[in-house]
Structures are given as C-alpha cells and as structure tokens.
Amino acid sequence: MASIAYSTAAFTGTSASDLLRSSSNGVSGIPLKTLGKAPFSVKKRDATVVAKLKKGKKHEYPWPADPDPNVKGGVLTHLSHFKPLKEKQKPVTLDFEKPLVEIEKKMIDVRRMANETGLDFSDQIILLENKYQQALKDLYTHLTPIQRVHIARHPNRPTFLDHIFSITDKFVELHGDRSGYDDPAIVTGIGTIDDRRYMFIGQQKGRNTKENIHRNFGMPTPHGYRKALRMMYYADHHGFPIVTFIDTPGAYADLKSEELGQGEAIAHNLRTMFGLKVPIVSIVIGEGGSGGALAIGCANKLLMLENAVFYVASPEACAAILWKTAKASPKAAEKLRITAPELCRLQICDGIIPEPLGGAHADPAWTSQQIKAAINETMDELTAMDTEKLLKHRTHKFRKLGGFEENAQVDPKKKVNMKKEEDQIVRTTPNEELEGEVEKLKQQILKAKESSSKPPEMALKDMIEKLKKEVDHEYSEAIKATGLKDRLDMLREEVSKVNSRDQLMNPVIRDKIEKLKDEFNQKLSAAPNHPTLQYKLDMLKEFSKAKSLSDAATLKQEVNKKFNEIMSRPEINEKLEALKAEVQNSGSSSFADLDQGLKDKVLNTRKEVELEMISALKSIGLIVEGVKSNAKVLSEKDSPSIFKNKVDHLNEEIKKKIENAVGSSELKNMIELLKLEIAMAGNKPDTESKSKIEAIQKQIKQRLSEAIISSELKEKYEDLKEKNSEVEQYSAGADESLQKETKYEEPRLEINLGANSSFAQ
C-alpha cells in the first residue's frame, strides 16, 4: 500500500486536459501523471487528505489477443464466460438405473479378464452388450412420470448454453437489464442458425456446484426477467424471431426478489409476449416450474424434450400439500400429468423432441441437432404467417386450454369413444357397502332354500359381475403394491411380439412368466389389500357355486317337465299300457326270456320315447345324446362284467398313449401357450383372443388324435361300441323282473351341457 498526501493548491500552471475531474472522491485539479508518484505531502494550512491505493490484479480482457478463427460459433464466442469444463463431469447413476450398472460392471470385469489372461471373451462381451442395450431400451421406453422428473433434473444434463454453442453458427451474449444488475440465471443473445438470425433467451443452470451457485441453480430474479423483456423488445424492433429455452425449478422466491417485484416482472413478461409481432418458439429442455418458466414461455409453439417436465408445482410440493408427505411424490407426478406425452395429449405441448436412450446427457450433440431441426421446421411454419395471423395463433393457443362449452352437442363419433372409455373404467365399491350387499344377498339365498323357491337370479348375476370387476381391480392394486407392474407390462409387450400362433413360445419368456407368477404369489400375502382381495375371491366362489346349483336345479326342472309332458300324451300312454299287458300275458320274468318279436316291440317303443325326448330337449337349447337299443341277447362272454374289463383295458391303453404324447416337448409348449393366452384374455376375451385360443386347442386335439389313433385301438373301440347297447339292455333287466317295474321302463338319456356336466333321467 502507498500513502499519498496532497493539497488541492499544490500545482499551478496545469492545463484543463491534464486534470482529473471527479466529483465522487472530492478531489479536483490533480494531474494524472502526478498520481503515479508516491509518497508525497504538501502542507496547506492544517488540512490534509490521506488516500490509500490498492494494487489490484491486472484486468484480463475476455477476448484473447490471438483468438482462434476456427472455433465453433465464431470468434465472438471468446467473449462468453461459458467455457469448457477443465474436469470431466462425474457420472451420476439414478436409482432406477442401478440394474444397468450391474450389467456394465460385468462387461468391465470380462474385458479386464480378457486383457489379463489373453483369452478370447468376445462372445461373452457381445452377449453382455446386447443384454445391456435391451435392458436400456426396456427401461427408457417404460419410464414412470417421477423417473422422467429425475432425468430432467440430472446434474449432467446439457444446459441452455451447451445447446446454443452446438446449434448456432455465431452467437454473441447480451447482458444487463439497464436498471439493476446482470442476472446470470437468464442468458440472452443473438445467434444464427443456417444464416437466419434469432434472439435466444434461456434459463441457465450450472454444470457443477461452483457454476450452480453463480447461476443461482437456474432460478432467475426480477432483473433476469427484465433483461429477457428488454431483449424481447429489441428482437421485436429489429424483426428477429425469438427462441426461448426453459430449464428452471421456478423463479427465485427470496425476500429480496419479492421486494424488487418478482411477481410484477413475471406478469409484465406474460402481457408483453402476447403482443410481440415476431414468431416465438419455446423449448423445455429440463424442468419448467410454475410462473418462472411461463414468464418466457408464452409462445406460438411449445416444444419439449422427450424426458422434460412442465408443471405448476413440483411433485414433492404437491405431495406435501395433498398427502402431507414428500414420499408420495411418485403418485403426485402421475396425477399432475407433467410429462411431454401427457401434455401433448392435453394440447399444452405442441411437439416432442426425441432424446437418445439414457437421456439427453447420454449424447448431448445428437440431442442438440434434434433441437436445431425442430427449430427450423417450426420457424418455417410460423414465418409463413402474417402478423395478424401470428398474433391470433398465439392467443388461440392459450385461450383453448381448459375450455369447455355448456350444453354443446357432442360429435357422435366422439360420444361413442367417450362411452367406450367409460365402460373401461372400473368403478370400485367401498368395502363396507359391498359387504352390506353381500350379506343381504346371502339372506335372500337362505330364505329361498328354506322355502324351496328359486334364489334371486338377477341379483346373483349382478353380484357376480360386480365381484369380478372388484377382484380384477384388487389384483391390479396388489401388482402395483408389490412393485411388479413394470415387469408385467414389459412381459406383456414381449408376448405380444409373437405374431404367428403356430410359432411356439420362447422358453425364456415362459420362464419369465413362471418366475413372475411365483414372485407375485410369494409377495401377495404382504400386499396391503390382500385381506380385501381374499374376501372378495371367497364371495365370488360362493356366489358362483350358488348360481351353478341354481342353474342346475332350473335345468333339471325343465327336463322333468318336458319328460312328463311326453309321457302324459294319450298315444304314448296307450302304447305303454298295451305293451305292459302283452309282457304280463307272456309270463316272462326277465327281458331275456321274451320272444324275439316282443323284444323288438319293447325296443321300438323305447326308441320312440327317446326320440320324442331328444326333440323336446333340443327345443330348449340342450345337446342330447340318445342311447341306442339293439334287440340282441348277450352271450356269456359278453356279460357286463367282462365287457367292463375290456373297456377298462382299452381306457388304460388310451391313457398311456395320451401320457406319452403330453410328455413330448412339442405338446408341452402348446399347452403352456394355451394357458398363457387364456390368462391374458381374462374374463372377457375379444374376438382375436378367442380365435387364437381356438386355433391352439385345435392343434392340441389334432396332435393327441394322431398320437392315440392306431389300427389296433380303432378295431377294439369299434367292437366295444357295437356291444355297448347290448350291455345296456342286459343290465336293464338282469336284476329286476318286468312285473315289479312301474308302468313303463324309463329310457336313459345323457344330456351334455357343454361343461362336463350331465343329468341321467
């Protein structure tokens, strides 16, 4: 330090040009060259002024003496404070990316082993690389909203200036709001893309802790928004289209910013942007939070990177308000609809710019080129509009958001689609209400049993349908609670890729299905809704059983009614009475003792009754198989016991053939495929699922038929088939005499209900 004492009257004869005039330091009349001399002291009366000069560091002008003319962006980029990082950014792994890291570690270990041992591990390395790429693709094509939020906040994600220096041919940064200071959280400047000038305005985050502190973590103050406003007026005056880049958690909300008019600055920007006469395009490259993002986002077109988010409140803040805990942020992110696909569907976002697998930080240069292409395409569309049309376009974009018309007639096509969506929604019933309905229906069924009346069929049917929907919903909730939903969705997608039904399922996929099923069954008991699910399943089984019994009883009543109607006909009654008298007059004690003519008469009468009964049952929609009757007397070798042994022996042979066929790998794969298709189809299979299931069933039946059909088995079957009716006739009259029977011999009918159920009448 140097001490300088001087008097204002120490020097005379100096010219005005040699004097330093200053009103701020109270010194006047001091020659510049004199200040270089130190120390000195001049006494004037008793008043002296002492000043200390600090030797500061020489100011380094930002433009070097020898700028490289070939640098990307032109020599003016030397003026920017945004320089390449001296140290490479450290890789950051998000929680959901940990499975990828494990595969990557395996690849590194295998490569190191190959280098150390000199052995060839190229096949293993290629296999691991393919596995890594597939896992990366599966992960990044099924991201949840909260996962996209984490990617948008990734510390290595390219910033506004990263993209600017990649997409512009020339760029010069402009500073200051002319009323305060230069806010580094908002960067503005003029740049060119393919010889077209644009005004670029963007929110800039830091690439490390030091830069983040300098840039205030991308949260602008009022000075930043006023700087952006000044540049908007500048661009509007000179006719430069405006491109804004949004990447902020929100405006800086400290006391000083509020005192300086943070809300007023944002509101002024919103109002001004709607009146600018140049095209405006906004691109969300990271997270766009609240009014801080909207202050530079009132554009003709809003574009978003694939993994960017745009929200009025962060998921953590929303969860803290609604669910009283920030841990509910995944649920809040899903409900807020903040991702690019959701905002496109809501017509808030006008387009999605793709990102590479792994996010924009995986390949920043490629991402920047996609942004450049999107800017060129969008600006071609907007610059073709005249000023009036451009202003209307911008106003209409925001006016239509969230709008609705009361009592407006809905387009029929849209109405149909709305109905379909409503049908797909599963409306669950509160447990207490459902339990009340279940108990009420149980009481009705018990009363019906006591009074021997029919249970309430419609109520039973409605309850079963309701319980099916409830059970489906509970299973969905259980899958979410056990954390298996993403894996299930990925597995469904893999299965859907099998186009040809003739193609057998990949064993790898089949193993995945089994593993997922076993894992779900193990975790199911720990699911929060497991007791509710078990209760609803039990009720569904109970009511389904009650409905089956009710249907069976109803069907049996109908069959008996038809049978009684037939037997009460006068012509049939007369025939039976005459036949009974004839048999009694013959004096025979069994069917075998009757003469051949009377046997034929009995069998013909029986056949007539059977045909009448078959016709009557077909009229009520039943498939009926009548038992044939042939008038032959069985020999001793064809007795029922011997015949039964032959049937059992043939069944054993057929059973062995079937077991051998089912044990083959081809048929096993077909059966597994059939099970999977039935499980995927659910309770209400569509036409495509039905056709697939039928095709697989047909193939299985064909394979089984080919396996068990042989000439030897076919001959045995035909022989037993011919003797079947003879055994039935012999069994009908072997134990009881015709005199002890009722007025007629009841014909035996088998009624096939299509579900392995039958009644014998």
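Residues numbered from 1 in each chain as written. Predicted model: local features only at pLDDT ≥ 70, side-chain atom pairs only at ≥ 80, totals over all residues. Heavy atoms only, no water.

By the naming in an unreviewed UniProt entry, the protein chain goes by acetyl-CoA carboxytransferase and is assigned to Gossypium hirsutum. For the protein chain, the Catalytic activity (unreviewed entry) comment in UniProt is given as "N(6)-carboxybiotinyl-L-lysyl-[protein] + acetyl-CoA = N(6)-biotinyl-L-lysyl-[protein] + malonyl-CoA". (UniProt positions renumbered as here; feature names shortened; annotations may be inferred.)

*Asks:* What am I meant to see in the overall build of the protein chain here?
*Replies:* A count of helices and strands for the protein chain gives 27 helices and 14 strands. Taking all 761 residues of the protein chain together, 37% fall into the buried category. Long-range contacts, defined as pairs at least 24 residues apart, comprise 72% of the intrachain contacts of the protein chain with a sequence gap of at least 6. Carbon and sulfur atoms make up 52% of the accessible area of the protein chain, which totals about 46600 Å². (Helix = DSSP H or I, 4+ residues; strand = E, 2+ residues; numbered from the N terminus. Buried < 20%, exposed > 50% of the residue type's maximum accessible area, 1.4 Å probe, protein only. Contact = heavy atoms within 4.5 Å. Areas by Shrake-Rupley, 256 points an atom, 1.4 Å probe, with all protein chains shown as cover.)

*Asks:* What exactly am I supposed to notice about the pairing of strand β8 (residues 242–248) here?
*Replies:* A regular strand carries its side chains on alternate faces of the sheet. Burial within β8 is extensive, with 7 of its 7 residues counted as buried. What you see with β8 is no split at all: Ile-242, Thr-244, Ile-246 and Thr-248 on one side and Val-243, Phe-245 and Asp-247 on the other are buried throughout. Across 6 bridges, the pairing between β8 and strand β9 (residues 280–289) is parallel. The residue bridging Val-243 from the neighbouring strand is Val-281, located in β9. (Pairing = 2+ DSSP bridges.)

*Asks:* So what exactly am I meant to see when it comes to the side chain of Thr-248 here?
*Replies:* Considering the arrangement of structural elements, one finds Thr-248 in strand β8. A relative accessible area of 0% means that Thr-248 is categorised as buried. Those residues in contact with Thr-248 that sit more than four places away from it in its chain are Gln-203, Lys-205, Gly-218, Met-219, Pro-220, Glu-287, Gly-288, Gly-289, Gly-292 and Ala-293.

*Asks:* Whenever I open this one, the pattern of salt bridges confuses me. Can you help?
*Replies:* Close approach of charged atoms allows side chains with opposite charge to pair. With the rule as written, the count across this model stands at 25 salt bridges. For Lys-98, the salt bridge goes to Asp-95, with nearest N and O atoms at 3.7 Å. For Lys-98, a relative accessible area of 48% translates into the label partly exposed. The salt bridge partner of Lys-372 is Asp-194, with a shortest N-O separation of 3.6 Å. Within this pair, whereas Lys-372 is found in helix α14 (residues 364–383), its partner Asp-194 is found in the loop between β6 (186–193) and β7 (196–203), the two being separated by 178 residues in sequence. (Salt bridge = Lys/Arg side-chain N within 4 Å of Asp/Glu carboxyl O.)

*Asks:* I would appreciate a short explanation of a nonpolar patch on the surface in the present structure.
*Replies:* Among the surface-exposed residues, Ile-321, Leu-322 and Trp-323 lie close enough to one another that they form a single nonpolar patch of about 310 Å² accessible area. Among the secondary structure elements, Ile-321 is positioned in helix α11 (residues 315–322). In this structure Ile-321 comes out as exposed when scored by relative accessible area, which is 56%. (Patch = residues over 30% accessible without salt bridge, like charges linked within 9 Å, V, L, I, M, F, W, Y side chains within 5 Å.)

*Asks:* Just checking my understanding: could you explain the nonpolar core for this structure?
*Replies:* Buried together is how nonpolar side chains tend to be arranged in soluble globular proteins. Judged by nonpolar contacts, the single largest core of 57 residues is most densely connected at Phe-200, Ile-201, Ile-242, Phe-245, Ile-283 and Ile-375. With sequence-adjacent residues up to four places away left out, Ile-375 is seen in contact with Ile-167, Ile-193, Tyr-198, Val-243, Phe-245 and Ile-283. The next biggest cluster of nonpolar side chains, apart from the first, holds 26 residues, and it includes Leu-467, Leu-491, Phe-520 and Met-539. (Core = buried A, V, L, I, M, F, W, Y, C linked by side-chain atoms within 4.5 Å.)

*Asks:* I'm lost on the packing of aromatic side chains in this one. Help?
*Replies:* Aromatic rings in a pair are described by how distant their centres are and how their planes are angled relative to each other. The final tally for this structure, using the stated rule, is 9 aromatic pairs. Through a chain of ring-to-ring contacts, three or more aromatic side chains come together here, namely Phe-160, Phe-165, Phe-171, Tyr-198, Phe-200 and Phe-245. The ring of Phe-398 carries the charged tip of Lys-397 above its face, separated from the ring centre by 5.7 Å. (Phe/Tyr/Trp six-rings, centres within 6.5 Å; stacked < 30°, edge-to-face > 60°. Lys NZ or Arg CZ within 6 Å of the ring centre and 35° of its normal.)

*Asks:* What's the story with unusual backbone geometry in this structure? I'm lost.
*Replies:* Leave glycine aside and you will find that most residues have negative phi; peptide bonds, for their part, are mostly trans. Even without being a glycine, Arg-178 presents a positive backbone phi close to 65 degrees. We note that Gln-347 has phi near 65 degrees; this positive angle belongs to a residue other than glycine. Counting through the fold element by element, Gln-347 comes out in the loop between α13 (340–345) and β12 (351–353).

*Asks:* Please clarify how helix α3 (residues 122–140) should be interpreted in this entry.
*Replies:* Residues spaced three or four apart along an α-helix point in a common direction, a consequence of the helix completing one turn every 3.6 residues. When the terminal C-alpha atoms of α3 are compared, their 27 Å separation across 19 residues agrees well with the 27 Å that a helix rising 1.5 Å per residue should span. Every buried residue belonging to α3 is among Ile-125, Leu-128, Tyr-132, Leu-136, Asp-138, Leu-139 and Tyr-140, and all of these are buried. Looking at the buried side of α3, the elements it contacts are α2 (98–117), α4 (145–152) and α19 (485–496). (Expected span 1.5 Å × (residues − 1).)

*Asks:* Explain the packing of helix α7 (residues 222–238) against helix α9 (residues 262–273) here, please?
*Replies:* Each pair of packed helices gets described by two things: the angle between the helix axes and the distance between those axes. It is the contact of α7 with α9, at a shortest axis distance of 9 Å, that shows an interaxial angle of 20 degrees. One element, α7, and the other, α9, form an angle in the roughly parallel class. Our pair here, α7 against α9, has a crossing hand that is left-handed. The residues of α9 that touch α7, namely those facing Pro-222, Tyr-225, Arg-226, Ala-228, Leu-229, Met-232 and Tyr-233, are Gln-262, Glu-264, Ala-265, Ile-266, His-268, Asn-269, Thr-272 and Met-273. (Axes fitted to C-alpha atoms, helices over the stretch in contact; angles between N-to-C directions. Parallel < 35°, antiparallel > 145°, perpendicular 65-115°, else oblique. Left-handed = near helix turned anticlockwise from the far one by under 90°.)

*Asks:* It is not clear to me how the state of the cysteines should be interpreted in this structure. Could you clarify?
*Replies:* One way to say it: the disulfide is the covalent bond shared by the sulfur atoms of two cysteines. What the rule picks out here adds up to 0 disulfides. As a non-bridged cysteine, Cys-344 has Cys-349 as the owner of its nearest cysteine sulfur, 3.6 Å distant. (Disulfide = S-S within 2.5 Å.)

*Asks:* In this structure, what is going on with the pairing of strand β5 (residues 170–174)? I would like to understand it.
*Replies:* Judged by which residues are buried, β5 turns out to be one-sided: Phe-171 and Glu-173 face inward and are buried, whereas Lys-170, Val-172 and Leu-174, on the alternate face, are not. Across 5 bridges, β5 lies against β6 in antiparallel orientation. The partner of Val-172 across the bridge, within β6, is Ile-190.

*Asks:* Sorry, what's going on with helix α18 (residues 457–481) here?
*Replies:* Its 25 residues give α18 an end-to-end C-alpha distance of 36 Å, which sits within 8% of 36 Å, the value for a rise of 1.5 Å per residue. Phi turns positive one or two residues past the end of α18, at Gly-483, with a value near 75 degrees.

*Asks:* Where do I start with the confidence of the model for the protein chain in this structure?
*Replies:* Interpretation of the predicted coordinates at a detailed level should be avoided for regions scoring low in pLDDT. Scored by pLDDT, the protein chain comes out at a mean of 75, with 72% of its residues at no less than 70. Below pLDDT 50 for its whole length, residues 499–503 participates in 7 contacts with residues either more than four positions away or in separate chains. Predicted confidence for residues 626–638 stays below pLDDT 50, and this span has 30 contacts to residues more than four positions away or in other chains. (pLDDT = per-residue confidence, 0-100.)

*Asks:* Explain the packing of α11 against helix α12 (residues 329–336) here, please?
*Replies:* Where α11 meets α12, the axes come as close as 8 Å, and the angle between the chain directions of the two elements is 105 degrees. As judged from the angle between their axes, α11 and α12 are roughly perpendicular. For the pair α11 and α12, contact is made by Pro-315, Glu-316, Cys-318 and Ala-319 and by Ser-329, Ala-332, Ala-333 and Leu-336, respectively. Here the contact of α11 with α12 is built from residues that sort into 6 nonpolar, 1 polar and 1 charged. (Nonpolar A, V, L, I, M, F, W, Y, C, P; charged D, E, K, R; others polar.)

*Asks:* Would you take a moment to explain the environment of Arg-215 for this structure?
*Replies:* By the element assignment, Arg-215 lies in the loop between α6 (209–214) and α7. For the pair Arg-215 and Gln-204, spaced 11 residues apart in the sequence, the C-alpha separation amounts to 6.7 Å. Beyond its immediate sequence surroundings of up to four residues, Arg-215 is in contact with Phe-82, Leu-161, Pro-184, Ala-185, Val-187, Gln-204, Lys-205 and Gly-206.

*Asks:* Explain the environment of Leu-100 to me, please; I cannot follow it from the model alone.
*Replies:* Mapped onto the fold, Leu-100 is located in helix α2. What makes Leu-100 buried here is its relative accessible area of 7%. On a C-alpha basis, the gap between Leu-100 and Tyr-132 in space is 6.6 Å, while along the polypeptide they are 32 residues apart. Once you skip the residues sitting within four places of it in the chain, Leu-100 turns out to touch Tyr-132, Ala-135, Leu-136 and Leu-139.

*Asks:* I tried to follow the side chain of Thr-159 on my own but got confused; where do I start?
*Replies:* Summarising the element assignment, Thr-159 is placed in the loop between α4 and α5 (160–167). Only 3.0 Å separates the side chain of Thr-159 from the side chain of Gln-204, close enough to count as a polar contact. Among residues more than four places away in sequence, those in contact with Thr-159 are Phe-82, Gln-204, Lys-205, Arg-207 and Ile-285. (Polar contact = N/O pair within 3.5 Å; in protein donor to acceptor, adjacent residues only side chain to side chain.)

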